[in-house]
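# Working through the structure, step by step
Below, each chain spelled out in residue letters.
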Amino acid sequence: MGSRPDHSSCSGGQQQQWPPWRLRPSGGGGDRFRDPLKSLAMRVSRLMLVTLRDDPAEAEIPSHKLLLRAGYIRRVASGIYAYLPLMWRVLQKVSRVVREEMDHTGALETLLPQLQPAELWQRSGRWAGYTAGEGIMFHLKDRQGRELGLGPTHEEVITALAADLLRSYRQLPVNLYQIQGKFRDEIRPRFGLMRGREFIMKDAYSFHADEASLRETYAAMDGAYRRIFARCGLRAVAVEADSGAIGGSASQEFMVTAAAGEDLILASADGRYAANQERAVSQAPEPVALPDGVRAAGQGAPLSTPKQTSIEALCEAHGFHPTQTVKVLLLLARFEDGNQQPLLISLRGDQQLNAVKLANAVTARCSAAHGALLDIAPLSAEAATKEGLGPIPFGFMGPHLGDAVLEGARNWAPTFLRLADPTATDLDAFVCGGNAVDTHLVGAAWGGLCPSPESLDLRAAQPGDRCQHDPSQRLEASRGIEVGHIFQLGRKYSEALEARFTNEAGVEEALWMGCYGIGVSRLAQAAVEQHHDDHGICWPVSIAPFEVIVVVANGAESDQLSLGERTYNELQDAGVDVLLDDRAERAGVKFKDADLIGIPWRVVVGRGAAAGLVELVERSTGHKQELPASNLLAALLPSLQTQRRGLEI
RNA sequence: CGGGAUGUAGCGCAGCUUGGUAGCGCACUUCGUUCGGGACGAAGGGGCCGCAGGUUCGAAUCCUGUCAUCCCGACCA
């Protein structure tokens, strides 16, 4: 337990009342008491630091392994983690950046309940979709038998509050946010904090008198988000996104680029277009014209195609190009009200279905009548038999498959919902299944074969496709971790929950809404994914648990110990967030741990201590310099101050 | 939910085929020697072998069931 030599100059007469590892009042750092992050002066011997030499078997990606090994997190249950003291400091720092930028836009911080009544969710129409089947909402009954859900998000609660509190256009716009835990019963929790079942999120909800005001706040959030990620030291890209179960119109995701990302991003090299693959659009390759064109007035000529059930087999056997074919997918959509709707989807043979686009299209056409879309799954032969249908020519289906095949269905809707992608409907003449086993039709055409189905974008854009904004550009793939998502919700929730205000003309109308999320705990792990090396984490200064670690190489040397203590105190007094490694470990152990936990700057007090020299090492670059301890602040502070601001935008 | 794998000390693993009541490395405790990149020696502590049945004189080991965790897929603001 060290004494505090040479400290009287800044701590006055107070020092003896405080154990050396506790914060005590000091002359120059009055505002440290208002800043919990700065007030926690720390010694490694008091930090409950437990680092692991081996990678835990449960971790797969670098950031997950490192957070476990470096003593930041521990798993409590699948997808549920304890944030240990170092991690909590990181999360607080991220939260502080988020809070500052949100406050800067005029948003108001709140805290909403996590336990929410089912009734609210029933009113918005999301209860069934979020709890039934593969829904992600944890839900329970209280002692009175009332149903409650653990909030996966807070649109319902906030909108109900808005309905209660916001009455006049004079109160608008308002933007409310909170930083707190969220619960989602993920089908497959993964990668530590990346996809947890309980996690920390910043969510904000804005309310507006008109769409223009919503767009303004949406743009302000876009700017705030870019600043937040830059300040946190993260390279992030904004991409067009699907708005998914949240609904609404415009939506943009912020992706931290990293190899371990769960999302595929498609972007043009000129930087003008970037989108999540779920949403991405592109120009499909030009089709190769079918040599003999339309045959039999568009009915097509039958062709014997034994066992050629795939586009690949068909093309190989007869020399067709995949772009000359139309493939037909048979799917079944299930809805909240129990309705089951068979879907017949036509795509050009070389194209892939984008399930998200399809789900959106089906929702738009059926949800008003049947409630939320629960899922869409391929319709199997067994399911058709079970339903009481006759044989279906799987592998040989054409777009002219009649509704007659659905006759006798016990529960399914009796007619297909027929949709097609433009790549299919744009073909003048094509090859397709003949609706009979071992038969295809060559030279079929829309109109002649059957009416052209409703046509809309259903295909998955692929890397290498030409861009719509500039066909000379091609889409390139990269992976990203979604750390933020902003939506223009419009009036979906306000109408469902009757959140209205009185406009300038004295007429009641529904509020316009936006919502804006940042995965705080996910962001912290994404930062590790983006900033690490073979030795451990390399935190950006702005979110590092500590900015500087002072390592006393040999605690048994009194010169080193006293200079280490003095350096530690000086850094503290200069407002630096500093950690002192005072453990009775060998120097190598302390260096390894310092690298592993990733403190951006290391000050080594070692051999040179007797001569008043210390070594300053930058974690990310490994750059070292030896300098007199008296010059340390001058050498360190300018860089530190720059780094605290994060990346340039 | 489908496919695959794994559960043995805090962490990483061996032992299981061929049953005989458990072992290695790291971590932890004590002592000594070390002391600038995860030291060395000595002596210790810690395990209802995931759980429940069954087979057997005897089960970590064989059988059945069950639970949990991880991976792939489906799925997923």
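Residues numbered from 1 in each chain as written. Chains lettered and ligands numbered in written order. Predicted model: local features only at pLDDT ≥ 70, side-chain atom pairs only at ≥ 80, totals over all residues. Heavy atoms only, no water.

## Some remarks on the overall build of chain A
Rule in force here: Helix and strand definitions here come from DSSP, where helices need a minimum of 4 consecutive H or I residues and strands a minimum of 2 consecutive E residues; each element is numbered from the N-terminal end. For the exposure calls, accessible area comes from a 1.4 Å probe over protein chains only, and a residue counts as buried if that area is under 20% of its type's maximum, exposed if over 50%, partly exposed in between. Here, two residues are considered to be in contact whenever any of their heavy atoms come within 4.5 Å of each other. Throughout, the Shrake-Rupley method with a 1.4 Å probe supplies accessible areas, and for residues the shown protein chains are the sole cover considered. In this tally Asp and Glu are treated as negative and Lys and Arg as positive; neither His nor the chain ends contributes. Lysine's charge is taken at NZ, arginine's at CZ, aspartate's at CG and glutamate's at CD.
Regarding its fold elements, chain A presents 17 helices and 32 strands. Considered along the principal axes of its C-alpha atoms, chain A spans approximately 100 × 65 × 45 Å. Within the span of chain A, comprising 649 residues, buried residues form 52% of the whole. Look at the contacts in chain A between residues 6 or more apart in sequence, and 69% of them connect residues 24 or more apart. Here chain A displays about 28,400 Å² of accessible surface, and carbon together with sulfur accounts for 50% of that area. On chain A, the mean spot of the 67 positive side-chain charges and the mean spot of the 79 negative ones are 5 Å from each other.

## Things to note about the environment of leucine 616
Mapping leucine 616 onto the fold places it in strand β31 (residues 613–618). In this structure the C-alpha to C-alpha distance between leucine 616 and leucine 627, which are 11 residues apart in sequence, comes to 7.6 Å. Every residue in contact with leucine 616, bar those within four places of it in the chain, is listed here: Trp601, Arg602, Val603, His623, Lys624, Gln625, Leu627, Leu632, Ala635 and Leu636.

## As for the sheet that holds strand β1 (residues 42–43)
Across a sheet, strands are paired by hydrogen bonds formed along the backbone, either parallel or antiparallel in direction. To be explicit about the condition: By this definition, two strands are paired if DSSP reports at least two bridges between them.
Strand order across the open sheet formed by 6 strands is β1-β29-β28-β30-β31-β32, with mixed pairing between neighbours. Whereas interior strands pair on both sides, the edge strands pair on one side only; in this sheet they are β1 and β32 (624–628). Here strand β30 (residues 601–605) pairs with β31 via 4 bridges, running antiparallel. In the sheet register, arginine 602 faces β31, and the bridge partner there is valine 617.

## Looking at helix α17 (residues 632–644)
Formally: Any helix carries an expected span of 1.5 Å times its number of residues minus one.
Between its first and last C-alpha atoms α17 spans 18 Å; for 13 residues at 1.5 Å apiece the expected length is 18 Å, and the two agree. All of the buried residues along α17 are Leu632, Leu636, Leu637 and Leu640. Tucked into the core, α17 has its buried residues touching β28 (548–552), α15 (558–573), β30, β31 and β32.

## Observations concerning the pairing of strand β25 (residues 512–519)
Most of β25 is tucked away, with 8 of its 8 residues classed as buried. Because side chains alternate across β25, one face comprises the buried residues Trp512, Gly514, Tyr516 and Ile518, and the other comprises Met513, Cys515, Gly517 and Gly519, equally buried. Here 8 bridges tie strand β9 (residues 198–208) to β25, and the two strands are oriented antiparallel to one another. Bridged to lysine 202 within β25 is isoleucine 518. Pairing of strand β22 (residues 475–490) with β25, which is carried by 6 bridges, proceeds in the antiparallel orientation. Considered in β25, the bridge of glycine 490 is made with methionine 513.

## Description of the domain arrangement of chain A
So the rule is basically this: In this document the domain limits rely on a domain assignment from an automatic tool or a database.
Looking at the assigned domains, one finds that chain A contains domain 1 (8–34 + 546–644), domain 2 (87–114 + 151–281 + 475–527) and domain 3 (296–455). For domain 1 versus domain 2, the distance between C-alpha centres works out to 39 Å.

## Points about the sheet that holds strand β20 (residues 439–444)
The condition is simple: Between N-to-C directions, angles cover 0 to 180 degrees, with each direction set by a line fitted to C-alpha atoms, over the stretch in contact for helices.
As summarised here, the arrangement of the 3 strands in space is β14-β20-β19, forming an open sheet in which the pairing is antiparallel. If you trace the sheet from one side to the other, it starts and ends with β14 (299–304) and β19 (430–436), each paired once. On average, each strand axis in the sheet is tilted by 35° relative to the strand beside it, whichever way the strands run. Relative to β20, β19 is paired through 5 bridges, and the arrangement is antiparallel. Bridging from a neighbouring strand, alanine 436 pairs with threonine 439 of β20.

## Topic: the protein's contact with RNA strand B
Note the following rule: Near is defined per residue: the residue qualifies when any heavy atom it owns lies within 4 Å of the molecule or strand. In protein, a polar contact means a hydrogen-donor-capable atom and an acceptor-capable atom, both N or O and within 3.5 Å, with residues adjacent in sequence counting only if both atoms are side-chain atoms; elsewhere, any N or O pair within 3.5 Å suffices. Each residue is assigned to one class: nonpolar for Ala, Val, Leu, Ile, Met, Phe, Trp, Tyr, Cys and Pro, charged for Asp, Glu, Lys and Arg, and polar for all the others, Gly among them.
Around RNA strand B, the structure places 42 residues, and the nearest of them are Arg53, Ile187, Arg188, Met201 and Asp595. Among all atoms of RNA strand B positioned within 4 Å of the protein, those belonging to sugar or phosphate total 51%. Within the side chain of aspartate 54, one N or O atom sits 3.4 Å away from a base nitrogen of RNA strand B. Take glycine 606: an N or O atom from its main chain is 3.4 Å from a base oxygen of RNA strand B. Mapped onto the surface near RNA strand B, the elements with two or more residues apiece are β22, α16 (587–597) and β30. In terms of residue count, α16 provides more of the surface near RNA strand B than any other element does, 8 residues in total. Split into classes, the residues belonging to the surface near RNA strand B amount to 15 nonpolar, 7 polar and 20 charged.

## A word on the pattern of salt bridges
Keep this limit in mind: Salt-bridge detection follows one rule: a side-chain nitrogen of Lys or Arg within 4 Å of a carboxyl oxygen of Asp or Glu.
Enumeration over the complete set of coordinates arrives at 38 salt bridges. A salt bridge links aspartate 292 to arginine 295; the nearest nitrogen and oxygen atoms lie 3.7 Å apart. Through salt bridges with shared partners, a single ionic network connects Glu100, Glu101, Arg227 and Arg231.

## Details of the packing of aromatic side chains
Test applied: A pair of aromatic rings is counted whenever rings of Phe, Tyr or Trp (Trp by its six-membered ring) have centres within 6.5 Å, and the orientation is called stacked for planes under 30 degrees apart, edge-to-face for over 60 and tilted otherwise.
Under the criterion given, the structure shown has 6 aromatic pairs. Ring plane angle 55° and centroid distance 5.6 Å describe the contact between tyrosine 72 and tryptophan 539, whose orientation is recorded as tilted. A residue pair is termed long-range when its members are at least 10 positions apart, and tyrosine 72 in the loop between α3 (62–69) and β2 (73–77) and tryptophan 539 in the loop between β27 (536–537) and β28 qualify at 467 residues. Its relative accessible area of 0% is what places tyrosine 72 among the buried residues. Between phenylalanine 229 and phenylalanine 254, the aromatic rings sit 5.6 Å apart at their centres with planes inclined by 45°, giving tilted as the arrangement. Remark: phenylalanine 254 occurs in strand β11 (residues 251–257) and phenylalanine 229 occurs in helix α8 (residues 211–231); sequence separation between them is 25 residues. In this structure phenylalanine 254 comes out as buried when scored by relative accessible area, which is 2%. What links up through ring pairs into an aromatic cluster is the set Tyr225, Phe229 and Phe254.

## What to know about the side chain of histidine 154
Mapped onto the elements, histidine 154 comes out in the loop between β7 (147–150) and α7 (155–165). Not counting chain neighbours up to four residues away, the residues in contact with histidine 154 comprise Leu112, Pro113, Gln114, Gln116, Gln178, Gln180, Lys182, Asp203 and Tyr205.

## A look at the pairing of β28
Taking burial as the measure, the 5 residues of β28 include 5 buried ones, the bulk of the element. Where burial is concerned, the two faces of β28 agree: the one with Val548, Val550 and Val552 and the one with Ile549 and Val551 are both buried. The pairing of β28 with strand β29 (residues 578–581) spans 4 bridges and is parallel. If you follow valine 551 over to β29, its bridge partner there is aspartate 581.

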